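# An overview of the molecular structure
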Amino acid sequence: MSKLICQVTVILLLVGALFSSKANAQSPAVVVAPVATGDDNDPVSREVREMYDAGLAYLLQTQTENGTWATGGEAGAGTTALGLLAFLASGDDPNFGLYRSAIRKSLRNIIRNQSSDTGYMGPSMYHHGFAMLALAEAYGAVDETDLWNSDSIYVADSENQRSIGQALELAVRSALTSQKNNPLGAWRYSPGAKDADTSVSGAVMMGLLAARNAGIEVSDESIDRALDYFSSMTSETGAVGYAGGLSGFGESIARSSIVCLVYAIARRKDLPQYAATESYLRKNLNERTGWIEYAWYYQSQALFQADVELWEKWNESLVRKLKSRQSPDGSFSGDLGAANSTSMSLLALALNFRFLPIYER
C-alpha cells in the first residue's frame, strides 16, 4: 500500500512537469509535497521518503533530453551515472516504474559516449569509476529489450548501441588496462597517469568491485594490487593520505571512509588497515570537511558496512542535516553543482532503502 501511494505521489509531480516547456527543461519545477505513506510498518521514515521523493522530482525535471544534467558542475559520464544511481536506489521498478524513462535515457547517454575502442568513459577516471558503478548496478536489473527502441534519439547511431553488459565489460577492461600501466597499481585523473590518489582510485575500485559482484571477471591479482596501494596510504591511526605517500593528511574523513568502504566491499575486513580506518571513522564522526556531500556519500556507506547500529545513530543526524540543506525545489546545493550534490545527498540517504546491490552487507 505504501508503495502504491508513493507512486501516486510521483505521478502528481510528473503531471506538473508536463506543463513546463522544453525551453525550461533545465529549470526546476515547483515540487508538490509528497504524500505520507501512513504505514506504521514501513521501516523507512516518512521524513526520508519525502526528502528522497523531492530530490528525485528535481532530477526528473532537470534531466536533459539526452539523459544527463547540465547543472552538475563538470559534465561527463560521472554526473549522468550519479543521477542514474539515485533513481535505481529508490527501489522503484526500473522496467515498469515511474523512473523507467529517466533510467533508460541515462543508460543510453553513458553507453553512447563510451569509447568503443578503449571502453573509457571520461572526461576523467573519476567519471569512469562512477559510470562503471552505475552500469554494474543496472546490469541484470534493467530489461534491455527496448533500451535502443525507436523512441530513442540515438536510434540511428547503431555503432554505439551495445548492451549494458558489453559496455560494462569494456569499462572494466579500460580500468584494468589503466591500472596495469600504472606503477602504483591504482588510478588518477587520466587513464594513462603514472601516479595515483586515493580519491580517484576509490571511485574506480568501487566500480570494479560492483562489476565483479555482478559477474564480470575481475582478477584477484588486480584487486589485491589496488588494495596494496590503499594499504600503503593508510596510517596506523586510520587517517588516509591523498597522494604521494603518507604526508600531508589534512582532512581525512572522506578518504578514510573511501578506503574503509573499499576494504569492506572487497571482503578484507581482516586487514589491520581496515580496523584502523574503522576506528578513525568512529572517533571522527563529525569531522569538519570540505566537499561535504562527497564525504557523506562515502561515510554513510562505510559506517553501514562497519556497524549497522552505529550507522543508524549517525543516519538520524544525517537526515536532520540534509533536511536543513534541501531547497524547496528538492535540490541540494554544494561544491559539486546542484545535480551532483543532489544525487550524492540522495545516495547518502539511500542506505535507508538498501535496494542497490552495492549496499548489501
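Residues numbered from 1 in each chain as written. Predicted model: local features only at pLDDT ≥ 70, side-chain atom pairs only at ≥ 80, totals over all residues. Heavy atoms only, no water.

It is worth spelling out helix H9 (residues 253-265) at this point. Three- or four-residue spacings in an α-helix give side chains the same orientation, since the helix completes a turn every 3.6 residues. The end-to-end C-alpha distance of H9, which contains 13 residues, comes to 18 Å, matching closely the 18 Å that a straight helix rising 1.5 Å per residue would cover. Positive phi shows up at Arg267, right after H9, with a value of about 60 degrees. (Helix = DSSP H or I, 4+ residues; strand = E, 2+ residues; numbered from the N terminus. Expected span 1.5 Å × (residues − 1).)

For the protein chain, the mean per-residue pLDDT works out to 87, and 84% of the residues sit at or above 70. This stretch, residues 1-38, has a pLDDT under 50; its non-local contacts, to residues over four places away or in other chains, come to 55 contacts. (pLDDT = per-residue confidence, 0-100. Contact = heavy atoms within 4.5 Å.)

Taken as a whole, this structure holds nine aromatic pairs when the rule is applied. A centroid spacing of 5.3 Å and a plane angle of 35 degrees characterise the contact between Phe87 and Tyr99, whose relative ring orientation is tilted. With a gap of twelve residues between them, Phe87 in helix H3 (residues 77-88) and Tyr99 in the loop between H3 and helix H4 (100-112) connect regions that are remote in the sequence. One aromatic cluster in this structure is built from Phe130, Tyr294, Tyr297 and Tyr298. Here Arg361 stacks its cationic end above the ring of Phe304, 5.8 Å away from the centre of that ring. (Phe/Tyr/Trp six-rings, centres within 6.5 Å; stacked < 30°, edge-to-face > 60°. Lys NZ or Arg CZ within 6 Å of the ring centre and 35° of its normal.)

Attention now moves to the pattern of salt bridges. According to the stated counting rule, one finds eleven salt bridges in the structure shown. Between Arg46 and Glu50 there is a salt bridge, with the nearest N and O atoms lying 3.0 Å from each other. Note that Arg46 and Glu50 are positioned in helix H2 (residues 46-62) at a spacing of four residues, about one turn of the helix. Judged by relative accessible area, Arg46 falls into the exposed class, the value being 51%. Here Lys105 makes a salt bridge to Glu65, at a shortest N to O gap of 3.7 Å. Of the two residues, Lys105 is situated in helix H4 and Glu65 in the loop between H2 and H3; the sequence distance between them amounts to 40 residues. The buried category is assigned to Lys105, whose relative accessible area is 17%. The exposed category is assigned to Glu65, whose relative accessible area is 52%. The structure contains a network of salt bridges with shared partners spanning Arg100, Arg104 and Asp146. (Salt bridge = Lys/Arg side-chain N within 4 Å of Asp/Glu carboxyl O. Buried < 20%, exposed > 50% of the residue type's maximum accessible area, 1.4 Å probe, protein only.)

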